[in-house]
Structure formats: C-alpha cells, structure tokens
Amino acid sequence: MSIRSLTALPVFNEAKHVGTVLDAVAQYADDVLVVDDGSTDQTARVLRTRTEVRVVRHNENQGYGAALRTAFAYALEHRYDVLVTIDCDGQHEPRRIPLFVSAVGGVDIVSGSRYRHVFRDDDAAPEDRRRVNRIITRELNEQLQFQLTDAFCGFKAYQVASLARLQLTENGYAMPIELWVQAALHNLQIRELPVPRIYLDESRSFGGALDDPNHRLRHYRDVLQSSRQAAGLSTRQSPSPKVGSVCPCDS
Ligand SMILES: Nc1nc2c(ncn2[C@@H]2O[C@H](COP(=O)(O)OP(=O)(O)O)[C@@H](O)[C@H]2O)c(=O)[nH]1
Ligand SMILES: [Mg+2]
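Residues numbered from 1 in each chain as written. Chains lettered and ligands numbered in written order. Predicted model: local features only at pLDDT ≥ 70, side-chain atom pairs only at ≥ 80, totals over all residues. Heavy atoms only, no water.

A. Representation of the overall build of the chain within the structure. When you go through the chain residue by residue, the secondary structure sums to eight helices and eight strands. Since a compact globule built from 251 residues should have a radius of gyration of about 18 Å, the 17 Å found for the chain is in line with a globular shape. The dimensions of the chain, computed from C-alpha atoms along their principal axes, are 50 × 45 × 40 Å. A burial count over the chain gives 53% of its 251 residues as buried. Considering only contacts within the chain whose residues lie at least 6 apart along the sequence, 77% involve residues at least 24 apart. On the chain, roughly 11500 Å² of surface is accessible, and the fraction owed to carbon and sulfur atoms is 48%. Seen as two clouds, the 30 positive and the 32 negative side-chain charges of the chain have centres 4 Å apart. (Helix = DSSP H or I, 4+ residues; strand = E, 2+ residues; numbered from the N terminus. Rg over C-alpha atoms; globule rule 2.2 N^0.38 Å. Buried < 20%, exposed > 50% of the residue type's maximum accessible area, 1.4 Å probe, protein only. Contact = heavy atoms within 4.5 Å. Areas by Shrake-Rupley, 256 points an atom, 1.4 Å probe, with all protein chains shown as cover. Lys, Arg positive; Asp, Glu negative; His and termini not counted. Charge placed at Lys NZ, Arg CZ, Asp CG, Glu CD.)

Given below as structure tokens:
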C-alpha cells in the first residue's frame, strides 16, 4: 500500500520566493499545501496562478506556529500518512523531500538539523540565532533527555497519526519548543537528518520584540517551562526516546 504524503509550506509575505520554491517542490512532491498566513504582499496573487497546489489562507497573520498547526489539521482531515513541512524562503532544499519521506519510516518525527553535519557550501548562521538555538537545544536535551542538535529547523517529516496525539497551542516561533515537549510526553521516536545551513543575505525579522535575542531567549525559556507544566512533565525519569540519524549526506 503506497504512502500518501503531503508537503506543506507555511508562508508569510514570500512573494519573492514562493514561485521558485513551488517550482522546485513540484518536482519532488505530489500533494502540496501552502498555508498563506495572512500575507499582505503579492504572495496571494502569485498563489492564485498556482493551480497545482492547495492553498489555505489565514485572513489575518497568526504566526509561524499557527500556520504549521493549520497544516497539521489539514493533513489529519485529509487522512495523509506522512506530512513534510518545509519553509518557503529558500532556506530549505526541496530535493531532500524524498529523503525525509523515506526517513520517517519506523519513527514518529524526522527533524532536519543544520548542526549535525558540515556541508561544503554551508553559510554561517547569524551569531545571535546560533547562540539562542544552541542554548535552547541544550536545555531541551537536559530537561527532556533528548539528543537533538537543532531544535528549530522547519524542515521536518511527521507520521500524521503521531501528530494527532499532540496538544499544541503556540502560534509563534516558540511552537517547535512546545512540539518537543509534547513529543517527550508521548515518547515519540525522533530521527535527525542533516540539512545544509542556508542563510540568504536578507534581513529577516522575527517581528517586534523577538528580534532582541535576549528577549527571544527569555520567551523560549518561558514557553519551555509553561509547556512542561501543561504536559505535567516535571523531570522525566523514563528512558530517553531514541534520537538517531541517517546520514545520506553529500557534502
Ligand atoms: N516571519 C514570519 N514567517 C512566517 C509567519 N507565518 C508563516 N511564516 C513562514 O514560516 C517560514 C519560516 O519563517 P522564517 O522567518 O524564515 O523563520 P526562520 O528561518 O526560522 O527565521 C517561512 O516560510 C515564512 O514565510 C509569520 O507570521 N512570520
Ligand atoms: Mg527562514
């Protein structure tokens, strides 16, 4: 029985990238969903010309996390087996989608990691992003007994049946932290897949106070704390879920 997989892209004001990214995604994915998170630029007009993709639009911008949760709900409602999420700003390579689909066999979540393998053309990550990612990834591992190397990569694959078990409420950029806490609560099996580190020279903003790395770090720690409380996860004594990696990487 063949696996039905959906590839979903959260999108907010990506008129510059959405066309080229969807052209590439179309080569590696049959079913494609774009969640337009209330874009105010030309993104919606471009999407109207793309009849090959499904589009769900938020009337108002709700946030990265909310866009992903809309994709999760769509995958569940349309009974897909596997959901792949990939960003729409040129930082992820669609040609790796099949690797994620095959790697999710036997586990619950495959998470891209930009810090597990050095690729020849890796870009340097902005220092503040690298620092916040390193600290939060370490604290997640300490508190949830994970062995992650990158807590924030948007390139992931999920068994849709496992997504159904997760209680997720975060709308913003902290949603991945809540997701890891829920994954720990449900003992989900995680696999990391190395992906190249791509930073285009664009001044991308988190929006508002989160652009201050110290504020962002405090916010992420608050969400980690409150998500653990909501999940009733004080200190986890049970054996740690397996975090393995498959490394078909070509440097
Ligand atoms: N900035 C931003 N991106 C969003 C939002 N909703 C969805 N996205 C999309 O989420 C993906 C990741 O966003 P990005 O800002 O690149 O995150 P980063 O690469 O982790 O810094 C991109 O495809 C965005 O278009 C939002 O409210 N704000
Ligand atoms: Mg990005």
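Once the structure has been displayed, the description carries forward.
B. How the structure looks around the site of ligand 1. Not every one of the 16 residues close to ligand 1 is listed here, only the nearest: Glu 14, Asp 89, Gln 91, Arg 129 and Tyr 173. Taking Pro 10, its main chain carries an N or O atom lying 2.8 Å from an oxygen atom of ligand 1. The fraction of the free accessible surface of ligand 1 (550 Å²) that becomes covered by protein chains is 91%. Most atoms of ligand 1, that is more than half of them, are within 2 Å of grid points of the largest pocket. Taken together, the residues that form the shell around ligand 1 break down as six nonpolar, four polar and six charged. (Near = heavy atom within 4 Å. Polar contact = N/O pair within 3.5 Å; in protein donor to acceptor, adjacent residues only side chain to side chain. 1 Å grid on protein atoms, 1.4 Å probe; cavity = no way out; pocket = protein on both sides within 12 Å on 5 of 7 lines; lining within 4 Å. Sits in = over half its atoms within 2 Å of the grid points. Nonpolar A, V, L, I, M, F, W, Y, C, P; charged D, E, K, R; others polar.)

C. Representation of the coordination of the magnesium ion (ligand 2) in the model. Only Asp 89 (OD) and Gln 91 (OE1) from the protein reach the magnesium ion (ligand 2) as donors, at distances of 1.9 to 2.0 Å. In this pair, the class of Asp 89 matches that of Gln 91, namely buried. (Donors = N, O, S within 2.8 Å, 3.2 Å for Na, K, Ca; no water.)

D. Geometry of the state of the cysteines. All chains considered together, the criterion is met by zero disulfides. The thiol sulfur of Cys 88 is not disulfide-bonded, and the nearest other cysteine sulfur, from Cys 153, lies at 15 Å. Assessed through its relative accessible area of 1%, Cys 88 is described here as buried. (Disulfide = S-S within 2.5 Å.)

E. Summary view of helix α5 (residues 127-144). Its 18 residues place the ends of α5 25 Å apart at the C-alpha level, agreeing with the 26 Å of an ideal helix rising 1.5 Å per residue. Buried within α5 are the following residues: Arg 130, Val 132, Asn 133, Ile 135, Ile 136, Thr 137, Glu 139, Leu 140, Asn 141 and Leu 144. Remark: Gln 145 follows α5 within two positions and exhibits a positive phi of approximately 55 degrees. (Expected span 1.5 Å × (residues − 1).)

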